[in-house]
Structure formats: structure tokens, C-alpha cells
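# Descriptive analysis of the structure
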Amino acid sequence: MLVKRFGVSLEDDLLKKLDSFAKKNKFPNRSQAIRFLITQTEVEEKWEKNKDVAGVIVIVFDHHKRELTAKSQAIQHNYHDLILSVQHVHLDHCNCLETIAVKGKAQKLQQLADKLISLKGVRHGKLVMSATK
Ligand code: NI
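First, a word on scope: everything that follows refers to the structure included in this document.

## Focus: the coordination of the nickel ion
Every protein donor of the nickel ion is listed here as His 88 (NE2), His 90 (ND1) and Cys 96 (SG), and their distances to the metal cover 2.0 to 2.4 Å. Take Cys 96: its relative accessible area is 3%, and that puts it in the buried class.

## A few points about the sheet that holds strand 1 (residues 52–62)
What the 4 strands build is an open sheet, ordered 2-3-1-4; its pairing is antiparallel. Edge positions in the sheet fall to strand 2 (83–90) and strand 4 (122–131), since each of these pairs with one other strand and no more. Pairs of neighbouring strands in the sheet enclose a mean axial angle of 15°, with direction left out of account. With 11 bridges connecting them, strand 1 and strand 3 (residues 95–105) associate as antiparallel partners. Its bridge partner lying in strand 3, Val 56 is registered against Ala 101.

## Quick look at the side chain of Lys 46
With respect to the helices, strands and loops of the structure, Lys 46 is situated in helix 2 (residues 30–48). Salt bridges are absent for the buried Lys 46, whose nearest opposite-charge side chain, Glu 42, sits at 4.7 Å. Excluding anything up to four places from it in sequence, Lys 46 contacts Lys 51, Val 53, Ala 106, Ala 131 and Lys 133.

Here is what the cut-offs are and how they apply
- In this numbering scheme, every chain counts its residues from 1 along its sequence in written order.
- Residues qualify for local features only when their pLDDT is at least 70, as the model is predicted, and side-chain atom pairs are given and counted only at 80 or more; totals for whole chains, interfaces and linings, by contrast, use all residues.
- With hydrogens and water set aside, each side-chain value is computed from the structure's full complement of heavy atoms.
- The rule for donors is simple: N, O or S, within 2.8 Å of the metal, or within 3.2 Å if the metal is Na, K or Ca. Water isn't counted, so a site may look like it is missing partners.
- Throughout this description, buried means an accessible area under 20% of the type-specific maximum (1.4 Å probe, protein chains only), exposed means over 50%, and partly exposed covers the range between.
- Only strands joined by at least two bridges in the DSSP assignment are considered to pair.
- Comment: elements are numbered from the N terminus, with helices defined as DSSP H or I runs of at least four residues and strands as E runs of at least two.
- Think of each axis as a best-fit line through the C-alpha atoms, taken over the contacting stretch in the case of a helix, with angles from 0 to 180 degrees between the N-to-C directions.
- Charge convention: Lys and Arg are scored as positive, Asp and Glu as negative, and His as well as the terminal groups of each chain are ignored.
- Any carboxyl oxygen of Asp or Glu within 4 Å of a side-chain nitrogen of Lys or Arg constitutes a salt bridge here.
- Contact criterion: two residues are considered in contact whenever any of their non-hydrogen atoms come within 4.5 Å of each other.

Honestly, that's just the spatial picture; any functional story needs more than this.
Given below as C-alpha cells:
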């Protein structure tokens, strides 16, 4: 893709914020930081407007917890049209890590993520939002 250069005028404190943001996120330069921020804003907008988006649901859970696996499976079957792939990793004797790649309307994906993350026995859960286009 064609890359264009342009000059940016920023107040001193805003520039400092940009630089500390770039440093914190290990961006090699300001252009990368600005690129990320624009894309991030676009992604958030798509999720807010319930557009077709993609993402990943990550959950860590104790598989000994009564009926958790069965409940999680039932929920996933109810939303099967949104789920692209599921990867299950046995972290240790008790804990499992599941990464569920999803694609569809933003609100539906959020709904699915909320249902899975709020299951009893889920130690940690997160929905990573991205965009399809
Ligand atoms: Ni497991």
C-alpha cells in the first residue's frame, strides 16, 4: 500500500503523551503509534455500531468445576454459527486455556463472550476485539 508522509502539529504535552504511549507499547516510531491509534479507534467504532467484526475469546478455567465443561459446550453449540475455531490447551492438572476465534455481529459476539466468561469456574476471561475489514 502507498505510504504518504505528512506533517503533524501537536501541543507539547500531547506530543509527550504520544511518545510515552509509543515507548510503553514498544512502537519503534511515532508513525507506528499513530497507525495503531487510528486502527484501534476504527475497531472500537465498528464494535459500537454492531458491525461485522472478528475477535478471540480467551478463557482460563478449572475443568474439575462441576458441569462447567458441559455448560461451556452447550453455550458454544448455541452460538456455533459465530465460532470459527476452538483451541483447548491443558495448562496443568486443573486448568485449561481455551481460545475461541469468532466472527459476526459485534453484539452477538459480546453476548457469547459474556456468557462464557461469567460461567462459574472461569478464572479469567477476555474478549479481544478486532475487525474484519
Ligand atoms: Ni483441558
